[in-house]
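Observations on chain architecture
So the chains spell out like this:
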Amino acid sequence: LLLLAAGLCAPAWSQDAAPAGVQRVRFETTLGAFTVEVDPARAPLTSVSFLQYVRDQHYDGTIFHRVIGNFAIQGGGYLPDGTEKPVRGGVPNESGNGLSNRRGTVALARTGDPHSGTSQFSVNLADNIDLNPRPTRWGYAVFGKVVEGMEVVDDIGHRPTAGGGEFDRNVPVEPIVIERIEVLE
C-alpha cells in the first residue's frame, strides 16, 4: 500500500530538476547522447531491474534492433552481430502505474506474456496511448522519460531500416550502438 500511495502522490516530471527518488541515466550511442529520468516511485520493480542492468553494464555494446518511425525505437537485448544477450527473469507488469506511453517516455518491452519484460526497453517517438493498459488487457509499463537529447532519439527514429538477423523488418541498416548507459549521481 505504501508503494501504491507513493506512486499516486508522485510529482510530475520536470525538465529542470528530477523529482525525489528519480534516477537519471545517460545513454551514449553512436549517434549521440540522451538522458532519461527513471521513476522508481511509479514503477518500482521495473526501475530496479533496469537500473541493475545499467549497473551490470548489460547495455554496453547493444544495439537499437527495432526502429519504427513515428512510433518507437527498441533496444537493450542484442549485440551488433545479432546475438541475444542473456537476461534475468521477467518483471511483473506495472503498466497500471498512471504513466502513459506518450512521446519521449521509456517503457519496458515484452512479448505477448504481460510479465515477460526483462532488459529490453522502447522509447516512444509519438503518443502511443494504444500501448496503455485497458480494463481487458495489460499495457506496456512506462518507467522513465527522456529529459535531454530527444533530438538524438528522433534521429535514431528516422534512420533507414530493413530486415536483418532474426528480424524480417525494422532493423537499422547501419547499426546504432548503445556504447554505454551510466547512472548519473
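Residues numbered from 1 in each chain as written. Predicted model: local features only at pLDDT ≥ 70, side-chain atom pairs only at ≥ 80, totals over all residues. Heavy atoms only, no water.

Take the pairing of strand S7 (residues 142-148) next. Most of S7 is tucked away: five of the seven residues are buried. Pairing geometry for strand S5 (residues 105-108) and S7, over three bridges, is antiparallel. Paired with valine 106 across the bridge in S7 is glycine 144. (Buried < 20%, exposed > 50% of the residue type's maximum accessible area, 1.4 Å probe, protein only. Helix = DSSP H or I, 4+ residues; strand = E, 2+ residues; numbered from the N terminus. Pairing = 2+ DSSP bridges.)

Structurally, valine 177 is set in strand S10 (residues 177-184). Given a relative accessible area of 17%, valine 177 falls into the buried group. A sequence separation of 148 residues divides valine 177 from threonine 29, and the C-alpha atoms of the two residues are 5.5 Å apart. Not counting residues up to four positions away in its chain, the partners in contact with valine 177 are Glu28, Thr29, Thr30, Gly61, Thr62, Ile63 and Pro80. (Contact = heavy atoms within 4.5 Å.)

This part is about helix H3 (residues 150-157). Among the eight residues that make up H3, six are buried, leaving the element largely enclosed by the rest of the structure. Taken as a whole, H3 has its buried residues at Met150, Val152, Val153, Asp154, Ile156 and Gly157. Where H3 is buried, its residues touch strand S1 (23-29), strand S2 (32-38), strand S3 (62-68), strand S4 (72-75), strand S6 (121-124) and S7.

Summed over the entire model, instances satisfying the criterion amount to ten salt bridges. Between aspartate 127 and arginine 102 there is a salt bridge; the shortest N-O distance is 3.5 Å. On the criterion of sequence distance, the pair formed by aspartate 127 in the loop between S6 and S7 and arginine 102 in the loop between S4 and S5 is long-range, its members being 25 residues apart. A relative accessible area of 47% places aspartate 127 in the partly exposed class. (Salt bridge = Lys/Arg side-chain N within 4 Å of Asp/Glu carboxyl O.)

Another aspect to go through is the sheet that holds S7. One closed barrel accounts for eight strands, arranged S1-S2-S7-S5-S6-S4-S3-S10; its pairing is antiparallel. The average angle at which neighbouring strand axes cross in this sheet is 35°, direction not considered. Across four bridges, S4 lies against S6 in antiparallel orientation. By the bridge assignment for S6, alanine 72 is matched with asparagine 124. (Axes fitted to C-alpha atoms, helices over the stretch in contact; angles between N-to-C directions.)

Using the criterion set out here, one finds ten aromatic pairs in the structure. Here the aromatic rings of phenylalanine 27 and phenylalanine 34 are separated by 4.4 Å at their centres, their planes lie at 15°, and the arrangement is stacked. With respect to burial, phenylalanine 27 and phenylalanine 34 carry one shared label: buried. Aromatic side chains tyrosine 78 and phenylalanine 167 sit 5.2 Å apart centroid to centroid with 85° between the ring planes, which places their arrangement in the edge-to-face category. One end of the pair, tyrosine 78, is in the loop between S4 and S5; the other, phenylalanine 167, is in strand S9 (residues 167-172), and 89 residues separate them in sequence. Looking at phenylalanine 167, the relative accessible area reads 26%, which means it is partly exposed. By the ring-pair criterion, three or more aromatic residues cluster together here, those being Phe27, Phe34, Phe50, Tyr53, Tyr59, Phe64, Phe121 and Phe143. Cation over ring: arginine 88 sits above tyrosine 53, and NZ or CZ is 3.7 Å from the ring centre. Here the guanidinium or amino end of arginine 110 rests over the ring plane of tyrosine 140, the centre of that ring lying 4.1 Å away. (Phe/Tyr/Trp six-rings, centres within 6.5 Å; stacked < 30°, edge-to-face > 60°. Lys NZ or Arg CZ within 6 Å of the ring centre and 35° of its normal.)

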